[in-house]
Amino acid sequence: MSTPAAPVDAPRRHAPATTPALPLETRLAAVEAFMDHRLAEAAAAVDVNTAVRLPDITPVALADVVEFPVDTRPATVPCPYPTPIASTLWAAARVLEERGHNRGSLRADTGGAVCLLGALRTAAGGNRGLETDAAALLLDVIRRDFGNHDTVPSFNDDRRTSPADAVRALDSAARHADARTL
């Protein structure tokens, strides 16, 4: 048996036209634009739903509200070391930080800067025995950490020694003295 012929004026049946797939970057850009639009709508809805009408408020100057203490220096930190030599070395480091580092003499003529021995003398408060013991321990730490120096003043006056090195030497000596309970 034969199949009936299609009428002449009937439309031709074609397979659906296939469109080429879009590259991944194009699809991601389209999704990003869509999500940006959706997020903007959601943000606008949140703003509308949470809007509150506040009464007119006069701004306040910060200087009218905040009062600063007359003395703006930082609070002094208590010495962390209970032993006399360690606490003297620690205090000498604070003296050097506060007054500044001096080379060539015990104390500077102007400004109050001190050398390592001047800082130790100030921290020892006139106790020459304590000052001598602290200087001896400081020299040991200087030799250990910074190389061979004959005396504390030679380390102090060395042009390669910075004020930070002098403070670091005193702090290291204080830790060393504390570890030895001196």
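Each value, and the rule that gives it
- Residues numbered from 1 in each chain as written.
- Predicted model: local features only at pLDDT ≥ 70, side-chain atom pairs only at ≥ 80, totals over all residues.
- Heavy atoms only, no water.
- Helix = DSSP H or I, 4+ residues; strand = E, 2+ residues; numbered from the N terminus.
- Polar contact = N/O pair within 3.5 Å; in protein donor to acceptor, adjacent residues only side chain to side chain.
- Contact = heavy atoms within 4.5 Å.
- Core = buried A, V, L, I, M, F, W, Y, C linked by side-chain atoms within 4.5 Å.
- Buried < 20%, exposed > 50% of the residue type's maximum accessible area, 1.4 Å probe, protein only.
- Expected span 1.5 Å × (residues − 1).
- pLDDT = per-residue confidence, 0-100.
- Salt bridge = Lys/Arg side-chain N within 4 Å of Asp/Glu carboxyl O.

Overview of the environment of G111
Inspection of the secondary structure assignment puts G111 in the loop between α3 (84-99) and α4 (116-124). Along the chain, G111 and R99 lie 12 residues apart, while their C-alpha atoms are 7.4 Å from each other.

Some details on the side chain of H101
Relative to the assigned elements, H101 resides in the loop between α3 and α4. A distance of 2.6 Å separates a polar atom in the side chain of H101 from a polar atom in the side chain of N156. When sequence neighbours within four positions are dropped, the list of residues in contact with H101 reads L96, A113, V114, N156, P163 and A166.

Overview of the nonpolar core
In this structure, L89, L96, L116, L120, L138 and L170 are the most contacted members of the largest nonpolar core, which totals 31 residues. The set of elements that each furnish at least two residues to this core consists of α3, α4, α5 (128-146), α6 (152-157) and α7 (163-179). Once residues within four sequence positions are removed from consideration, L116 is found in contact with L96, L138, I142, V152, F155, N156, A166 and L170.

A short note on α3
The α-helix advances 3.6 residues per turn, and as a result positions three or four apart in sequence lie on the same side. Look at α3: 22 Å from first C-alpha to last across 16 residues, which is about the 22 Å you get at 1.5 Å a residue. Among all positions in α3, only I85, A86, T88, L89, W90, A92, A93, V95 and L96 are buried. The inward-facing, buried residues of α3 contact α4, α5 and α7. G100 lies just past α3 and shows a positive phi near 105°.

Thoughts on the confidence of the model for the chain
A low pLDDT score tells you not to read the predicted coordinates there in detail. Confidence along the chain averages 81 in pLDDT terms, with 77% of residues attaining 70 or more. Here helix α2 (residues 62-65) is the element of the chain with the lowest mean pLDDT, 67, and α5 is the one with the highest, 92.

Some words on the pattern of salt bridges
Counted under the stated rule, the structure contains 6 salt bridges. Close ionic contact of E97 with R94 constitutes a salt bridge, the shortest N to O distance being 3.0 Å. Of this pair, E97 and R94 both sit in helix α3, separated by 3 residues, roughly a single helical turn. R94 sits in the partly exposed class, given a relative accessible area of 23%. Here E131 ties to R128 by a salt bridge, and the two come within 3.5 Å at their closest N and O atoms. With E131 and R128 both in helix α5 and 3 residues apart, the pair spans about one turn of that helix. On the basis of relative accessibility, which here comes to 8%, the residue E131 falls in the buried class. What emerges from the salt-bridge pattern is a single network uniting R94, E97 and D171.

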